[in-house]
Structures are given as structure tokens and as C-alpha cells.
Amino acid sequence: NIRCQYSLVRVVSRERVQLPIVQMKRLQDSIKDIGKGESILSLMKGRYDITVRVDSDVLKTSESVTKGNLVGSIDQGTSSTRFVVFSREGQIVASAQMEHTQIFFQGEDKVGWHEHDPIEIWVNTVSCIDAVVKALKTKGVNLLKMPLKAIGITNQRETTIAWNADTGIPYYNAIVWDDVRTT
């Protein structure tokens, strides 16, 4: 393992990027169970750290919190996934962040290749949302009873993922915006 910018970088072989069928099936089953109160976080438990913050001062002073005027933001960055809940006044009420694996390949013919595991991106996104919802609930803010007014999404430039429209399963890893194959 080596450090690169703010994310953990792993040098992996091409074989590593293919998700086993059993794990794909577990993922599909877990996605179906999310609405039943299950958490997809259990799939990745212990594998990655998640940082969750709740601003108690904003919770106490913002009318947006008591009136349910909150908005969310999914920030899918190159090195991590974040979910942030804002008050109407633009204050950060709560946030969660998880770094994701950077996949770089060995070999002269693959210099400049940079990929992300799209399943990991999905799991991290759901995990961050889940963590914020749970953290706010412990502080008396139930987003299930007082839903967010909107959720905005920001993404990591031109990173590309192709998936099967019927199954929702990605065909391959995400090709990251800074990969030389995107030029």
C-alpha cells in the first residue's frame, strides 16, 4: 500500500477487478433489503472507515431542523464519497465520508490507467446516507418522518460507468476521469 493524494492506493492485477458472482448476488439481495430496514453497510463492515459528524450547535439553533427544511448532497469525489445535510441557511447539519479504493494497474501497457469499483462506490454512497440518517436520529432528528426537501448530486468530472439496465450490475469498473484512456 502507498499513499497518493488523500486516498489509499492499491496496485492490483486485472483479475482483482472482477467481482465474484456470489458477492454480486449478496449485493443485489442487500440492495433489495434496504427498504426493509436492512443496511448495506454490513456487506463492507470492518473494511473501510466512515467519518460521521453532527453539528449540535446547528441542531439547536436552526429553524430549518425543527421545521424540516433540510436538503442533502451526495458528493461523489475522486478519492471519497460524502453525504452532507444542510440547513436552509446553508449550515452543515451532519455529514459522513468514506474513502474508496484507487485501482491502478501494473505493467507498461497500463501506465496511466485509473479505475474505481462501482459496487464500492454504490455501497459507500448508501453507507454514508445511512450513517447520517442514524446519527441524526440519535440527536432527535428523524429523516424518515421529516424527509429532506431535495438531494443534490455532484460527481467526479467525467468518470464513466456502464451497467446492465435490467440487472443494475456494472459491466466493468469505473474509468476515472484522469485515466489516460479518456483522452
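Check the entry above for the structure.
Residues numbered from 1 in each chain as written. Predicted model: local features only at pLDDT ≥ 70, side-chain atom pairs only at ≥ 80, totals over all residues. Heavy atoms only, no water.

## Some details on the pattern of salt bridges
Note the threshold: Salt bridge, as applied in this entry: a Lys or Arg side-chain nitrogen positioned within 4 Å of an Asp or Glu carboxyl oxygen. Between buried and exposed lies partly exposed: a residue is buried under 20% and exposed over 50% of the maximum accessible area for its type, with that area taken using a 1.4 Å probe on protein chains only. Note on conventions: DSSP H or I runs of at least 4 residues are helices, E runs of at least 2 residues are strands, and numbering of each starts at the N terminus.
Scanning all chains against the criterion turns up 5 salt bridges. Among the ionic pairs, D109 bridges to K110, the shortest N-O distance being 3.3 Å. Judged by its relative accessible area of 57%, D109 is exposed. Since its relative accessible area comes to 17%, K110 is described here as buried. Between E115 and R181 there is a salt bridge; the shortest N-O distance is 2.8 Å. Of this pair, E115 sits in strand β8 (residues 115-116) while R181 sits in the segment after β10 (174-175), placing them 66 residues apart in sequence. Residues joined in a network through salt bridges with shared partners are E115, D179 and R181.

## Considering the environment of A96
This is how the line gets drawn: Residue contacts follow a heavy-atom distance rule, with two residues in contact if any of their heavy atoms lie within 4.5 Å.
Tracing the backbone shows A96 in strand β6 (residues 92-99). Residue class for A96 comes out buried when judged on its relative accessible area of 2%. Leave out the neighbours within four places in its chain, and A96 touches I50, T51, V52, T81, R82, F83, C128, A131 and V132.

## Thoughts on the nonpolar core
As a reminder of what qualifies: To define a nonpolar core, start from buried Ala, Val, Leu, Ile, Met, Phe, Trp, Tyr and Cys residues and group those joined through side-chain atoms within 4.5 Å.
Of all hydrophobic cores here, the largest spans 17 residues; its most connected members are L70, V85, V93, V132, L136 and V141. Setting aside residues up to four positions removed in sequence, V141 forms contacts with L59, V65, L70, L136 and M146.

## Side note on the sheet that holds strand β4 (residues 71-76)
Put simply, the test is: Should DSSP find at least two bridges between two strands, the strands are regarded as paired. In this description, a line fitted to the C-alpha atoms serves as the axis of each element, helices being fitted only across the stretch in contact, and the angle between N-to-C directions of two axes falls anywhere from 0 to 180 degrees.
With mixed pairing, 5 strands are arranged side by side in an open sheet as β3-β6-β5-β4-β9. Every interior strand has two partners, whereas the edge strands, β3 (51-54) and β9 (150-154), have only one. Within the sheet, the average angular offset between the axes of one strand and its neighbour, ignoring direction, is 10°. As paired strands, strand β5 (residues 80-86) and β6 are joined by 7 bridges and run antiparallel to one another. In the strand pairing of β6, V85 is matched with A94. Taken strand by strand, helix α4 (residues 118-138) contacts β3, β4, β5 and β6, and its axis lies near 150° from that of β6.

## As for the packing of aromatic side chains
Think of a pair of aromatic rings as described by two things: how far the centres are apart, and how the planes are tilted against each other in angle. For clarity, the threshold we go by: Planes of paired rings set the category: under 30 degrees apart is stacked, over 60 is edge-to-face and the rest tilted, where pairs are Phe, Tyr or Trp rings (Trp by its six-membered ring) whose centres lie within 6.5 Å. The criterion is that NZ of a Lys, or CZ of an Arg, lies within 6 Å of the ring centre and within 35 degrees of the ring normal, and then a charge sits over that ring.
Under the definition given, this model contains 1 aromatic pair. With a centroid separation of 5.7 Å and 80° between ring planes, the pair formed by F105 and W113 is classed as edge-to-face. In this structure, K110 is placed above the aromatic ring of W113, and the distance from its NZ or CZ to the ring centre is 5.5 Å. The lysine or arginine in question, R181, covers the ring of W113, its NZ or CZ lying 3.7 Å from the ring centre.

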